[in-house]
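Each chain, letter by letter, is given below.
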Amino acid sequence: MSDDTRAPGAGNSTAAETAPLRRLCICADDYGLSPGIDRAILQLIEQGVVTATSAMVLRQAWTADAALLRDQPPTQVDAGLHIDLTCVDGSALEASLAGLALRAMLLPRGSAYWRPILREQLDRFEDAMGRAPSHVDGHRHVHQLPGVRETLAELLQARYGRDLPWLRGTRPGPAVGAVALKQRVIHAMGGWGNRRLARRAGLALSGRLLGVYGFDRDAQAYAASLDAWLRQCRDGDVLMCHPAVDGTPDDGIAAARQHEYAALCALDPAQVARRWGVRLAAPHRLACG
């Protein structure tokens, strides 16, 4: 095994074998964005490393690869919806995250603007998977924007009653590297509002969000970050990732995706339990708070 693909933490001899295992979800974003991303995620699911994935149902690869995800045992992986507000029927809705946030803030309270956009994506997920999403989060964390989050909660309650999906929270985890500001910005987009709404609506919200960085690390640096996240995680945290086996045209983080894939492939769930005292688990078995 090369240095670039060596398991994070290799060489560390201590493990919290006597302490209760902390449960961690590794959630792979962007399923359906490209065949290379989908292949990476499916392999990591089979390996038992990725325990949740979030699907972009408006993208072309979703049509071809949804059945492959549907065939994965629900007891092994949580398959959820990755709300996409940058693309509707192949056309750009709003490329800028700042533009989306501004639009959300300027819309009048009670506006129905987001309803057909969110409803269509829930419909597409259900039509392809034959079931409700296990969870909902957002591409670039847009699910927590004001107006979006309220509309989403209403739709989820109306469609699923008491069997509600869980929501991914954005409460910052440990800052690994110089990313504390990015973590705070992500949470400031609507993290506290999302948490209050989840409590009122009876929606389970995941714990801290790990995996935030600037997509600027090579394979070795990402492996070191992964080691730090595994060491510092708490029970119920979610570690988001964006793996791919190859590059995707016009993808600004194509190299980072492949570095993530290499580091994640080097993990083994049994080794993770021994070395870091962490059990990789689907979030429906975690204590969402």
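Predicted model, so just to flag it, every value in this text is computed and none were measured. (Residues numbered from 1 in each chain as written. Predicted model: local features only at pLDDT ≥ 70, side-chain atom pairs only at ≥ 80, totals over all residues. Heavy atoms only, no water.)

On to the overall build of the protein chain, then. Of regular secondary structure, the protein chain possesses 10 helices and 10 strands. Counting all 289 residues of the protein chain, 54% fall into the buried class. Sequence-distant contacts in the protein chain: of pairs separated by 6 or more residues, those separated by 24 or more amount to 81%. Of the roughly 12300 Å² of accessible surface on the protein chain, a fraction of 52% belongs to carbon and sulfur atoms. (Helix = DSSP H or I, 4+ residues; strand = E, 2+ residues; numbered from the N terminus. Buried < 20%, exposed > 50% of the residue type's maximum accessible area, 1.4 Å probe, protein only. Contact = heavy atoms within 4.5 Å. Areas by Shrake-Rupley, 256 points an atom, 1.4 Å probe, with all protein chains shown as cover.)

The next thing to look at is the nonpolar core. Among the nonpolar cores identified, the biggest contains 72 residues, and L24, I26, W62, L85, L226 and L267 are the most heavily contacted of them. Not counting chain neighbours up to four residues away, the residues in contact with W62 comprise Y31, G32, A55, M56, V57, L69, R124, F125, A128 and M129. Counting five residues, the second largest nonpolar core, distinct from the first, contains C25, A52, W166 and V238. (Core = buried A, V, L, I, M, F, W, Y, C linked by side-chain atoms within 4.5 Å.)

So, about the packing of aromatic side chains. What the rule picks out here adds up to seven aromatic pairs. Note on W62 and F125: the rings are 6.0 Å apart at their centroids and 15° apart in plane angle, and the pair reads as stacked. With W62 in helix α2 (residues 60–70) and F125 in helix α4 (residues 115–129), the pair connects residues that are 63 residues apart, well separated along the chain. Taken individually, W62 and F125 each receive the classification buried, so the pair is uniform in this respect. Measuring from centroid to centroid gives 5.4 Å for Y213 and Y222, while their planes differ by 50°, and the two rings are tilted. Here the aromatic residues Y213, F215, Y222 and W229 are joined through ring pairs into a cluster of three or more. Positioned over the ring face of W276 is R275, at 5.8 Å from the centre of the ring. (Phe/Tyr/Trp six-rings, centres within 6.5 Å; stacked < 30°, edge-to-face > 60°. Lys NZ or Arg CZ within 6 Å of the ring centre and 35° of its normal.)

This brings us to the packing of α2 against α4. Look at α2 against α4: their axes get within 9 Å of each other, and the N-to-C directions meet at 55°. Between α2 and α4, the angle is such that the two are oblique. When the axes of α2 and α4 are compared, the crossing they make is right-handed. In contact with W62, A66, L69 and R70 of α2, α4 contributes R124, F125, A128 and M129. (Axes fitted to C-alpha atoms, helices over the stretch in contact; angles between N-to-C directions. Parallel < 35°, antiparallel > 145°, perpendicular 65-115°, else oblique. Left-handed = near helix turned anticlockwise from the far one by under 90°.)

As a further point, take the side chain of T86. Turning to its location among the elements, T86 is positioned in the loop between β3 (78–83) and β4 (87–88). At 3.2 Å, the side chain of T86 and the side chain of R59 are in polar contact. In this structure the side chain of T86 is engaged in a polar contact, spanning 2.7 Å, whose partner is the side chain of D84. (Polar contact = N/O pair within 3.5 Å; in protein donor to acceptor, adjacent residues only side chain to side chain.)

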